[in-house]
Structure formats: C-alpha cells, structure tokens
Amino acid sequence: MGLEDTGRTHAATTASPLGVALIGQRFMGRAHSNGWGQANRFFDLQRPIRMRTICARNAEELAPFAKRFGWESWTTDWRTIADDAEIDLVDVGTPNDVHAEQSIAMLQAGKHVACEKPLAATLDEARRMAEAARDADGKTFVWFNYRRIPAVVLAHQWIREGRLGRLLHVRARYLQSWGGADTPRVWRFEKSRAGSGAHGDLNAHIIDMARFLTGLSFEAIDGAIARTFYPERPMPDGKGVGTSDVDDALSFLASMEGGVAASFEATRCAPGHLNDHGIEINGELGSLRFDFNEMNYLSVHEAGLGDGTGGWKRIAATSAGDHAYAAEWWPDGHWIGYEHGFVNMAADIVRVLAGEEPTVPIPDFADAYETQRVLEASMRAATEHRRILLDDVR
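Basis of the calculations
- Residues numbered from 1 in each chain as written.
- Predicted model: local features only at pLDDT ≥ 70, side-chain atom pairs only at ≥ 80, totals over all residues.
- Heavy atoms only, no water.
- Helix = DSSP H or I, 4+ residues; strand = E, 2+ residues; numbered from the N terminus.
- Rg over C-alpha atoms; globule rule 2.2 N^0.38 Å.
- Contact = heavy atoms within 4.5 Å.
- Areas by Shrake-Rupley, 256 points an atom, 1.4 Å probe, with all protein chains shown as cover.
- Phe/Tyr/Trp six-rings, centres within 6.5 Å; stacked < 30°, edge-to-face > 60°.
- Lys NZ or Arg CZ within 6 Å of the ring centre and 35° of its normal.
- Axes fitted to C-alpha atoms, helices over the stretch in contact; angles between N-to-C directions.
- Parallel < 35°, antiparallel > 145°, perpendicular 65-115°, else oblique.
- Nonpolar A, V, L, I, M, F, W, Y, C, P; charged D, E, K, R; others polar.
- Pairing = 2+ DSSP bridges.
- Expected span 1.5 Å × (residues − 1).
- Buried < 20%, exposed > 50% of the residue type's maximum accessible area, 1.4 Å probe, protein only.
- Core = buried A, V, L, I, M, F, W, Y, C linked by side-chain atoms within 4.5 Å.
- pLDDT = per-residue confidence, 0-100.
- Bend = angle between axes of the 7 residues up to and from the residue.
- Right-handed = clockwise from strand over helix to strand, strands pointing away.

Participant: Please give an account of the overall build of the protein that cites residues and values.
Facilitator: Looking only at helices and strands, one finds 9 helices and 17 strands in the protein. A compact globule built from 394 residues should have a C-alpha radius of gyration of about 21 Å, and the protein, at 21 Å, falls within 12% of that. Principal-axis analysis of the C-alpha atoms places the extent of the protein at approximately 60 × 60 × 45 Å. By sequence separation, contacts in the protein at least 24 residues apart represent 70% of the contacts at least 6 residues apart. Within the structure as shown, the protein displays about 17,400 Å² of accessible surface, and the carbon and sulfur contribution to it stands at 48%.

What follows is the structure in structure tokens.
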C-alpha cells in the first residue's frame, strides 16, 4: 500500500543566498547546524541558506565538524566574522556569559543575529542586548524553538480564536534528571557563566511558552523556592571537586494579566524525567495541554460538551492541510521530532529576512528581554522570600 505525497514542490529561486555563520559547536551547535542545512532541503525559501562559517575554540574538532555539517569554512576567532562581507546573519550558540559581547559586536557590524536562550546570563546584559538591537539595522531572533512545534502552533491558534474563553490558569513544568550528585561541574553549574541553573536553562522555555500562547504579560511573582541540592560537584577532569553556585531546581507562582494564576517548576534532579516538559492552560470554555513527550499531539477539552461525554481528546497535529509546518515534512501521521523545531525556526528566520511573514511570531531581543525580566523577578522572589512586582524589575 503506497503513501500519497504531501503535494509540495520546490520552487526555483534566483535571490541572493543568506550567508550564515555559527558560533558554537557543541549541543546547540549540532542542533543549529542541522537546522540550517535541513531548512534548505525541506522548505521553499526565497533566499537559499549558505552555511559560510562555523566558529569554536577547539581547532582540532572544527575541520571535521565543518565537513560533516556542510560549513564552507571554520575559524577559532569569532571576531573575524564581523568583517566578512559574505556573512549576513550570525547565530550565537555559546555559553550564556558571552551572548552579550558576541551579539552586540555582530549587530554593530551590521549583521542580523540569532541568539540561543536565555538571552543572557544577567538582566543587565540582556538589557544591553535589547538596547543594541533597538539601535541596530539588523534584525534579531532568539531560539525559543518549541514555539515551532505544530501542536504548539495549534494551541496558539485555539487561544487566539477565543476557544478557551477567559483564561484562568497556566501551569507549566520542565523536569530533567541529568543533574545528580555525580554530574561534573561543567559551565552550566557556574553562576558567572550560566547566570542561573535549571531556572535560566529550563524555566526560560516554559515562561516564553506561557507568554507566547496566552499573549499575556506577567504582573508579579507571588512566591518562589530555589534549591541547590549539590553545592559541590566533581570537576570534569576528575581532579577534585568544584563549587556549584546555581540552582538545581526553582519553582514559582505568578500572576499574569487578567488575573490568570500561573505556576512553573524546573529541575535537573527528577529521576525518571529525561526531558519532560509541558504546559496546560485552563479557560472558562475549555482547556488544552501540550506534553513534549508526545509532541505530535495537542490534548484539548471543550467544557461545553459537558462532563458526561466531553472528556479530553488528542489531536495529531500532522495534517498538511490543517497544521503548521506539516506540509514541509512527511505524509499525515508520520511524526516529527526534537530537531524539527530548529529546522522550522531556521526557515522562518529566512522568511523574515526575505520580507515574508513567519508562521508564528519569532521572539526578538526585546521579546526575550521580557522573559529575562520574569527569570530575574522569580529568582529575587526565591532569594528575598517576598512577592516581586514585574514593574520593579527593569
């Protein structure tokens, strides 16, 4: 039995290529490299992507990395990218403490910039980045890639159409298990480099998700608790231990516009939860729920159907005619995975730079700064043991 094609065709383009450089080659370097390469293959883009330069510190690893992922050249000096006239956009996938320096330098050089999340290690750095973006000619983007999962886009559409009615609750979680006692003290456990721990790494995603889906701002952090379960960790080279001065877990309660009550939980120390994150939103007319472990589905409940026969239903967001991005991938019912969010975002970035509209809004530095304010306010609430108004966090 054969499977019908999605019906999409590749249109020829004569527009000038978009020259891209990427700084960083580890986890996010691999994810972003794959995203830029695959976007060319699966999306009809008005500007083809030219993977011009990959930059990182380890020269021995860079040449094979560049060859594997399709980068034309490589360098260990990120500053040289600013002077390359063939590079239009710089993708910053480095540790949080250098986001500001690298992004601002590239904006001042006239480049567009796509930066990993969180926007920066500190609120001050994030503010400087947002101010630099405001004054620059180039456009900015931040890799909150979970916005570009088809089921999440469907949730966004439902809420925008008013199908949940007045919103009442948001509850979100991001649970991982890799941060146990034996985990080495890599940069993610150093406050000077990461800014925070599970909070900035994981809560950043679900804060952005809540803001994106609801379209509402945060008004206050009503309470928060942070824990560093393992203040000492083995050093990566196996020689002794080092101090971990970031949170291993942080949970907080928040008030959003319109009286919406919200709760958020992030941890790296939840055995059995490898990468377990999701969000549920309740309104007067119904509820919806997204779970990354079943990322191709959106669960919805329509209150008007009644408790007797209503219940929850699952929508498989894989239909080319009904669901965002589905037409670019596989026939209906053929699932996509984690990496596809990066590909979808790379394609949307190119669309914006070609003068087109993205499928759904892409956060820029100004948008991501608002998420950074919530991160800062909730950390203050945890350390100062009091309610923090967002108006007091600028």
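Participant: Go over the packing of aromatic side chains with me, naming the residues and quoting the values.
Facilitator: Counted by the stated rule, this structure contains 17 aromatic pairs. Between phenylalanine 218 and phenylalanine 264, the aromatic rings sit 5.7 Å apart at their centres with planes inclined by 40°, giving tilted as the arrangement. Highlighted residues: phenylalanine 218 in strand S8 (residues 218-227) and phenylalanine 264 in strand S12 (residues 260-267), separated in sequence by 46 residues. Site record: aromatic cluster; members linked through ring pairs are Phe27, Trp36, Trp143, Tyr146, Tyr174, Phe292, Tyr338 and Phe342. One residue, arginine 268, lies across the ring of phenylalanine 189, its end atom 5.3 Å from the ring centre. It is arginine 289 that lies over the ring of tryptophan 312; its NZ or CZ is 3.9 Å from the centre.

Participant: Talk me through the packing of helix H5 (residues 150-160) against helix H7 (residues 198-214); I want residue IDs and the actual numbers.
Facilitator: One can describe the packing of H5 onto H7 by two numbers: an axis separation of 8 Å at closest approach and a directional angle of 40°. Taken together, the axes of H5 and H7 lie oblique to each other. Residues Val152, Ala155, His156, Ile159 and Arg160 of H5 form the contact with H7, whose participating residues are Met209, Phe212, Leu213 and Thr214. Residues of the contact of H5 with H7, tallied by class, amount to 6 nonpolar, 2 polar and 1 charged.

Participant: Tell me about the pairing of S8, residues and numbers included.
Facilitator: As paired strands, S8 and strand S11 (residues 249-256) are joined by 8 bridges and run antiparallel to one another. Residue pairing in the sheet places phenylalanine 218 in a bridge with methionine 256 of S11.

Participant: Can you lay out the sheet that holds strand S2 (residues 49-55) for me, pointing to particular residues and giving the numbers?
Facilitator: Spatially, S3-S2-S1-S4-S5-S6 is the arrangement adopted by the 6 strands of the open sheet, whose pairing is parallel. Of all the strands in the sheet, just strand S3 (73-75) and strand S6 (140-142) have a single pairing partner and so form its edges. Going across the sheet, the axis of each strand differs from the next one's by a mean of 20°, ignoring polarity. Note that strand S1 (residues 18-23) and S2 share 6 bridges and pair parallel. Bridging across to S2, leucine 22 finds its partner in isoleucine 54. Of the strands in this sheet, S1, S2 and strand S4 (89-92) touch helix H1 (residues 27-42), which is tilted by about 165° from S2.

Participant: Account for helix H4 (residues 123-135), naming residues and giving values.
Facilitator: Under the 1.5 Å per step criterion, the end-to-end length of H4 is 19 Å for 13 residues, consistent within 8% with the ideal 18 Å. Among the residues of H4, Leu123, Glu125, Ala126, Met129, Ala130, Ala132 and Ala133 are the ones counted as buried. Contact partners of the buried residues in H4: helix H3 (99-108), strand S5 (112-115), S6 and helix H9 (365-384).

Participant: Describe in detail the nonpolar core, supporting the description with residues and values.
Facilitator: Among the nonpolar cores identified, the biggest contains 119 residues, and Trp36, Trp71, Phe218, Phe264 and Ile349 are the most heavily contacted of them. Contacts of phenylalanine 218, omitting those with residues within four sequence positions, involve Ile207, Arg211, Phe252, Ala254, Ser255, Met256, Phe264, Val374 and Leu390.

Participant: Kindly report on the side chain of serine 299, identifying the contributing residues and their values.
Facilitator: For serine 299, the position within the fold is in strand S15 (residues 297-302). Residues contacting serine 299, with those up to four places away along its chain left out, are Ser287, Leu288, Arg289, Trp312, Lys313 and Arg314.

Participant: How would you sum up the confidence of the model for the protein? Please name residues and give values.
Facilitator: For the protein, per-residue confidence averages 95 on the pLDDT scale, and 96% of positions sit at 70 or higher. Below a pLDDT of 50 lies the segment residues 1-12, which in the model reaches 17 contacts outside its immediate sequence neighbourhood of four places, other chains included.

Participant: Can you tell me about the environment of valine 393, naming the residues and giving the values?
Facilitator: Along the chain, valine 393 falls in the segment after strand S17 (388-389). For valine 393, a relative accessible area of 0% translates into the label buried. Separated by 13 residues in the primary sequence, valine 393 and arginine 380 have C-alpha atoms spaced 9.5 Å apart. Those residues in contact with valine 393 that sit more than four places away from it in its chain are Leu123, Arg373, Glu376, Ala377, Arg380 and Ile388.

Participant: I'd like a rundown of H7, residues and numbers included.
Facilitator: The end-to-end C-alpha separation of H7 is 23 Å, in line with the 24 Å expected for 17 residues at 1.5 Å each. Within H7, the axis deviates most sharply at alanine 204, by approximately 35°. Taken from the residues just after H7, glycine 215 is the one with a positive phi, measuring 75°.

Participant: Lay out the pairing of S5 in plain terms, naming residues and giving numbers.
Facilitator: Covered by surrounding structure in S5 are His112 and Ala114 together with Val113 and Cys115, the residues of both alternating faces. Here S4 runs beside S5; their pairing, made up of 4 bridges, is parallel. Bridged to leucine 89 within S5 is histidine 112. Traced from S4 through H3 to S5, the parallel crossover comes out right-handed. With 3 bridges joining them, S5 and S6 adopt parallel strand pairing. Counted as the bridge partner of cysteine 115 is valine 142 from S6.

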